[in-house]
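# Structural description and commentary
Now for the letters of each chain:
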Amino acid sequence: MEKDDSVFQIGVGINTPWFVGQTMNGLLDRFSEERMIDTPVSENGVMGIAVGAAATGSRPIVTFPRMDFMHYAMDQLVNHAAFFNYTLGGNLPIPLTIRAMINRGGEQASQHSQALQSVFMHIPGLKVVMPSDPYDAKGMLLAAIEDNNPVLFIDDRWLYAEEEEVPADYFTSPLEGAKRLEEGKDVSLVASSYMVKEAKEAYAELKKKNISVELIDLRSISPLDTETIALSVRKTGRLVIVDGGWKTGGISAEIAAVISADCHSDLKKPVIRLGLPDLPAPAAKTLESVYYPNSSTVISAVQHMI
Amino acid sequence: MEEKLSITALNILETMLRIRIFEQELAEITPNKEFNCPVHLYVGQEAIASSVCENLTDQDYVFSTHRSHGHYIAKGGNLNRLMAEIFCRETGCSGGHGGSMHITDKSVGFIASSAIVAGTIPVAVGAALTAKRADNSQISVAFFGDGATDEGVFWESINIAALYELPILFVCENNLFSTHLPVSKRQANQDIGEKVSTFGYKVIKADGNDALEVYSKAKTAIEGIRRTHKPAFLEAMTFRWLAHVGPTEDLDIGYRRKKDVEYWRGRCPIKLINNQLIDTNKKNKDRIQEIEKKIKVEVADSIEFARTSALPSADRISHGLYN
Ligand SMILES: Cc1ncc(C[n+]2csc(CCOP(=O)(O)OP(=O)(O)O)c2C)c(N)n1
């Protein structure tokens, strides 16, 4: 925001500490209400306003403190932000960042728990990124702001306690490309965002059991870097995909389809997909504990495959 | 106060006390972490739900929001099943799938609450369509806050209900804030009732902390809706005493002043109707004390019920996805 005066932030509740998990602290003092616009509860209108501002020279960042509230904004996001440039013959770039938070658990139930990455991955014209570590959180957010397209940047509040040294200076990290975090030979394990943390724990446990896992962080959901996954599967012959969203019609289904076509003869075992059961999030903690996959889910899937 | 009104007033006060004591006891135990589910408490706003619902029957439909305990209790919802739902227990009204923001008791016409701002407003209009087609005197009531009138779907609903002449009462509980933002920072014309009136509504404004005023104004409006099938809009001014969410007062965040919270605490809706009843008849004092005693037991029982109920077991997870 310091570097580029055309950048501003807008969204329902962006100036309250409790909505946005302390991530906007100090910004209001530095940039004033002119560039930190905390709006009425009008998600679709706000989304459309950001599209209009982006179409005319601004670089807005729209924040949704919970992805669940984005459903109201779907029309402006899909029909306008994502499609305008294509439908208008490439004449109307929409340089827009949408920051959406996944905020779940704590018996908050179905309307305060959603992880909708797969819904947005389905929409051509949107870029969808999901960083898993502080470096990418900073670098990809800045890259999203610089990008001349609508970029959906999804961050998971379950990652907010993660710590890592990151450069204090301005830097960007690419909006596409998966990252191989660990090299291994027995199984390829693909995860994104918070599930990378669980997958790392699974990696360490499995290593103790002499199972060598190749761990891949997707980073970007759209475009999806299936080439990096295919390269790994050609070596290991086994693929486990873990996603924090619903399983049916989701990221893991897309990856499994591409890999079974591209690596058909390399696969030694059918692909295993882990995700949420096809149910809205339940409230009760006893149900939450079976609803969300974790490192143990990953460990047993990998062991089952070997 | 004449005798007939004083019986009604006692009923309303009883409902208000039931809500107040339920919410205060809930606030008291929330820090214990017996449940994680967030709670949006209704303390300070009791007059509105209690007085509106005094005019309704079990056949009338009620819809509510994230701040729904008061509406559910006022509609006659079962306390045990409410407390158990807040505790996310299997015996809760939604089987522990929903928690505080997702409650229902169809047996008394409390159809649903939703955690999405304005989410149930069009749904309540749909219930009014059912009522209209059934051609009886049933009506639908949507409770919501001033924040919900920021949403486009609110205005779409207002228009459609007026256009099709549907039997619905919209009740806007204007507590001056949507979380941390005052109406003045969210609406260009802050007179919500005036804006709605341009759609051809009969708009009724009331002091939401004066139970008898809300009661008599809602009564006239509801009788009109039953007779004509035309919608009406009630805007009741009030204030929430506690935090947007949870049992504290939200004074540390800096969006509201201690002075204002104290002013509104001074305008306690329960104290007002309590004094009106005692001024009418000194004997009411004892009656009210009896009622209070009875409710304290009911609420204590509901906590005990919730505590001793089981959390849903894993095999309940798919329950209710489809029928
Ligand atoms: C669509 C949507 N946007 C934002 C929120 C977050 N939120 C929860 S309650 C609330 C304020 C609602 O204010 P109001 O309707 O006046 O009701 P009150 O809390 O004052 O009872 C907001 C913005 C939400 N639940 N749903």
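The structure presented is a predicted model; accordingly, all values stated were derived computationally and were not measured.

### Quick notes on the side chain of Arg66 of chain A
Residue and element names in this part refer to chain A.
- Among the structural elements, Arg66 can be located in the loop between β3 (59-64) and α3 (74-82).
- The buried charged residue Arg66 lacks any salt bridge, with Asp68 as its nearest oppositely charged partner at 5.0 Å.
- Here the side chain of Arg66 touches Asn103 through a polar contact of 3.1 Å, landing on its backbone oxygen.
- Beyond its immediate stretch of four places on either side in the chain, Arg66 contacts Met101, Asn103, Gln108 and His112.

### Notes on the site of the ligand
- Neighbouring the ligand are 20 residues; Glu43 of chain A together with His66, Arg67, Gly147 and Asn175 of chain B lie closest to it.
- Positioned at a junction of chains, the ligand has nearby residues supplied by chains A and B.
- For the ligand, a nitrogen atom lies 2.5 Å from a polar atom in the side chain of Glu43 of chain A.
- For the ligand, whose accessible area on its own is 570 Å², the fraction buried by protein is 96%.
- In the shell around the ligand, the residues fall into nine nonpolar, seven polar and four charged.

### Focus on the pattern of salt bridges
- Within this structure, the stated rule accounts for 37 salt bridges over all chains.
- Among the salt bridges present, the one from Glu227 of chain A reaches Arg234 of chain A, with a minimum N-O distance of 3.7 Å.

### A short note on unusual backbone geometry
All names here are of chain A.
- Omega for the bond connecting Ser222 with Pro223 falls within 30 degrees of zero, at 0 degrees, which places this linkage in the cis form.
- Counting through the fold element by element, Pro223 comes out in the loop between β10 (220-222) and α8 (226-236).
- You will see that Glu107, though not glycine, has its phi angle at about 55 degrees, which is positive.
- Overall, the relative accessible area of 1% leaves Glu107 in the buried class.

### Details of the sheet that holds strand β2 (residues 110-113) of chain B
Residue and element names in this part refer to chain B.
- Within the open sheet, the six strands sit side by side as β2-β1-β3-β4-β8-β7. Their pairing is parallel. Both edges of this open sheet fall to β2 and β7 (203-207), since each of them pairs with a single strand only. Here the strands of the sheet are splayed against their neighbours by 15 degrees on average, with no regard to which way each runs.
- One ladder, built from six bridges, connects strand β4 (residues 168-174) with strand β8 (residues 232-237); its direction is parallel. Residue Glu173 lies in a different strand from β8, and its bridge partner there is Ala236.
- Taken strand by strand, helix α2 (residues 46-53) contacts β3 (140-145), β4 and β8, and its axis lies near 175 degrees from that of β3.
- Where helix α8 (residues 211-228) meets the sheet, its contacts fall on β4, β7 and β8, and the angle it forms with β7 comes to roughly 160 degrees.

The rules behind each value
Residues numbered from 1 in each chain as written. Chains lettered and ligands numbered in written order. Predicted model: local features only at pLDDT ≥ 70, side-chain atom pairs only at ≥ 80, totals over all residues. Heavy atoms only, no water. Helix = DSSP H or I, 4+ residues; strand = E, 2+ residues; numbered from the N terminus. Buried < 20%, exposed > 50% of the residue type's maximum accessible area, 1.4 Å probe, protein only. Lys, Arg positive; Asp, Glu negative; His and termini not counted. Salt bridge = Lys/Arg side-chain N within 4 Å of Asp/Glu carboxyl O. Polar contact = N/O pair within 3.5 Å; in protein donor to acceptor, adjacent residues only side chain to side chain. Contact = heavy atoms within 4.5 Å. Near = heavy atom within 4 Å. Areas by Shrake-Rupley, 256 points an atom, 1.4 Å probe, with all protein chains shown as cover. Nonpolar A, V, L, I, M, F, W, Y, C, P; charged D, E, K, R; others polar. Pairing = 2+ DSSP bridges. Axes fitted to C-alpha atoms, helices over the stretch in contact; angles between N-to-C directions.

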